[in-house]
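What follows is the residue order along each chain.
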Amino acid sequence: MKLVRTNDAVSAQPFPGVTRETLAYGEQAMLTRNTFAAGASLAAHAHPHEQVTYVIEGELKLILGEETLCLGPGDSVCVPSNVPHAASAEVHTVVLDAFAPPREDFL
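For the structure given in this document, a descriptive report is provided here. On a predicted model such as this, the values are computed, not experimentally measured, just so you know.

## Some words on unusual backbone geometry
Reasoning step 1: Residue A100 is joined to P101 through a cis peptide bond whose omega torsion reads -10 degrees.
Reasoning step 2: Structurally, P101 is set in the segment after strand 10 (93-100).
Reasoning step 3: The backbone of N82 shows a phi angle near 65 degrees, a positive value even though the residue is not glycine.
Reasoning step 4: With respect to the element layout, N82 can be found in the loop between strand 8 (76-79) and strand 9 (85-88).
Reasoning step 5: The exposed category is assigned to N82, whose relative accessible area is 51%.

This is how it looks when you write it as structure tokens:
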């Protein structure tokens, strides 16, 4: 078991205005928290990991393949592996992302 307290989370800024914190992870799954400043975005990308995104607060615009989704607090979506996706937030937004398997590049 790996306990990660908020103050101990590994933090990174993958894009301007976006902060990613790597939370608990194991051999099969990983949890991250992403905070978007108003107007921040993640460029289109794809990865072999399945991803589940859950919006805690704010509003997330998610471009998933050819579909555009607008997610609010309590909304969640599963991003299949290798599907291109991008995200942006017009207001301060906090989301949880779970990955399976864990993203080694986030450790």
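## Details of the nonpolar core
Note that soluble globular proteins tend to have their nonpolar side chains buried in a common cluster.
Reasoning step 1: Grouped together as the largest cluster of nonpolar side chains are 15 residues, with contacts concentrated most on F36, L60, L62, L69, L71, V77 and A87.
Reasoning step 2: Listing elements by their share of this core, those giving two or more residues are strand 6 (60-64), strand 7 (67-71) and strand 8.
Reasoning step 3: No other element matches the 3 residues that strand 6 contributes to this core.
Reasoning step 4: Not counting the four nearest positions on each side in its chain, A87 is found in contact with F36, S41, L42, L60, K61 and L62.

## A few points about the sheet that holds strand 3 (residues 30-36)
Reasoning step 1: Read from one edge to the other, the open sheet built from 6 strands follows the order 1-2-3-10-5-8, with strand pairing classed as antiparallel. The strands lining the two open edges of the sheet, one partner per strand, are strand 1 (10-15) and strand 8. On average, adjacent strands in this sheet sit at an angle of 25 degrees to one another, irrespective of strand direction.

## Details of the side chain of R103
Reasoning step 1: With respect to the secondary-structure elements, R103 resides in the segment after strand 10.
Reasoning step 2: Of the residues examined, R103 reaches a relative accessible area of 10% and is grouped as buried.

## With respect to the sheet that holds strand 7
Reasoning step 1: The 4 strands are arranged 4-9-6-7 in an open sheet whose pairing can be described as antiparallel. This sheet does not close on itself; its edge strands, each paired only once, are strand 4 (41-45) and strand 7. Averaged over neighbouring strand pairs, the angle between their axes works out to 15 degrees when direction is ignored.
Reasoning step 2: Two elements, strand 6 and strand 7, share 5 bridges in a ladder whose sense is antiparallel. Of the residues in strand 7, the one forming a bridge with L64 is E67.

Rules used in this analysis
- Residues numbered from 1 in each chain as written.
- Predicted model: local features only at pLDDT ≥ 70, side-chain atom pairs only at ≥ 80, totals over all residues.
- Heavy atoms only, no water.
- Helix = DSSP H or I, 4+ residues; strand = E, 2+ residues; numbered from the N terminus.
- Buried < 20%, exposed > 50% of the residue type's maximum accessible area, 1.4 Å probe, protein only.
- Core = buried A, V, L, I, M, F, W, Y, C linked by side-chain atoms within 4.5 Å.
- Contact = heavy atoms within 4.5 Å.
- Pairing = 2+ DSSP bridges.
- Axes fitted to C-alpha atoms, helices over the stretch in contact; angles between N-to-C directions.

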